[in-house]
Amino acid sequence: MLTANVRSCLQLRFSGSGKQIICRSASWYSSFSVVIDNPEGRRIISMSASEKTFRAGLDEVVKNKYDVTMFGQRGDEKPSPEILWAVGK
């Protein structure tokens, strides 16, 4: 399960298989992107888009329970991915 809080700071919370991982945007900048692949096509939404657009993309991923893969790492101390790649069926 993916939940997301979008304000001035982005926090992603992943849970499954009895584990929980929290990613925070402390080291993210506008380079973080959400890639959504589904039957309608591919969309890439940058964190620099409007908050409404970015939130809508994350909400779509959560609502439709898309499979998610994270790519990139900005630091060693905590998860800080650059790309959230979501695939819907």
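Before reading further, recall that the structure is shown in the block above.
In this report, the structure presented in the accompanying data block is examined.

Attention now goes to the overall build of the chain. In terms of regular secondary structure, the chain is built from 1 helix and 7 strands. Reading the chain from its N terminus to its C terminus gives the helix and strand order β-β-β-β-β-α-β-β. The proportion of buried residues among the 89 residues of the chain is 36%. When contacts within the chain are restricted to residue pairs at least 6 apart in sequence, those whose partners lie at least 24 apart make up 42%. For the chain, the exposed area adds up to about 5700 Å²; of that, 52% sits on carbon and sulfur atoms.

Time to look at the pattern of salt bridges. Scanning the model with the defined rule gives 4 salt bridges in all. Close ionic contact of Arg55 with Asp59 constitutes a salt bridge, the shortest N to O distance being 3.0 Å. Of the two residues, Arg55 and Asp59 are both situated in helix α1 (residues 51–63); the distance of 4 residues between them amounts to about one turn of the helix. On the accessibility criterion, Arg55 (25% relative accessible area) is partly exposed. When the shortest N-O distance is used, the salt bridge between Lys89 and Asp67 registers 3.6 Å. On the criterion of sequence distance, the pair formed by Lys89 in the segment after β7 (83–87) and Asp67 in strand β6 (residues 67–71) is long-range, its members being 22 residues apart. Take Lys89: its relative accessible area is 85%, and that puts it in the exposed class.

Within a sheet, each strand pairs with its neighbour through backbone hydrogen bonds, oriented either parallel or antiparallel. Here 4 strands make up an open sheet; going across it, the order is β5-β4-β7-β6 and the pairing mixed. The two strands at the open ends of the sheet, each matched to only one other strand, are β5 (41–46) and β6. Adjacent strand axes in the sheet meet at a mean angle of 15°, parallel and antiparallel pairs treated alike. Looking at chain direction, strand β4 (residues 33–38) and β7 are connected through 5 bridges and run parallel. Looking across to β7, one finds that Ile36 is bridged to Ala86. Across the face of the sheet, α1 comes into contact with β4, β5, β6 and β7 while running at roughly 50° to β4.

Per the counting criterion, the structure on display carries 2 aromatic pairs. Here the aromatic rings of Phe32 and Phe54 are separated by 6.2 Å at their centres, their planes lie at 70°, and the arrangement is edge-to-face. Here Phe32 is found in the loop between β3 (19–24) and β4, whereas its partner Phe54 is found in helix α1, with 22 residues between them in sequence. Phe32 sits in the buried class, given a relative accessible area of 0%. Using a relative accessible area of 2% as the deciding quantity, one classes Phe54 as buried.

The next point concerns the environment of Ile45. Within the element layout of this structure, Ile45 appears in strand β5. Residue class for Ile45 comes out buried when judged on its relative accessible area of 9%. Separated by 10 residues in the primary sequence, Ile45 and Val35 place their C-alpha atoms 6.4 Å from one another. The residues contacting Ile45, other than those within four sequence positions of it, are Phe32, Ser33, Val34, Ile36, Thr53, Phe54 and Gly57.

What counts and how
- Residues numbered from 1 in each chain as written.
- Predicted model: local features only at pLDDT ≥ 70, side-chain atom pairs only at ≥ 80, totals over all residues.
- Heavy atoms only, no water.
- Helix = DSSP H or I, 4+ residues; strand = E, 2+ residues; numbered from the N terminus.
- Buried < 20%, exposed > 50% of the residue type's maximum accessible area, 1.4 Å probe, protein only.
- Contact = heavy atoms within 4.5 Å.
- Areas by Shrake-Rupley, 256 points an atom, 1.4 Å probe, with all protein chains shown as cover.
- Salt bridge = Lys/Arg side-chain N within 4 Å of Asp/Glu carboxyl O.
- Pairing = 2+ DSSP bridges.
- Axes fitted to C-alpha atoms, helices over the stretch in contact; angles between N-to-C directions.
- Phe/Tyr/Trp six-rings, centres within 6.5 Å; stacked < 30°, edge-to-face > 60°.

It is worth stressing that arrangement in space is one thing and function is another; only the former is reported here.
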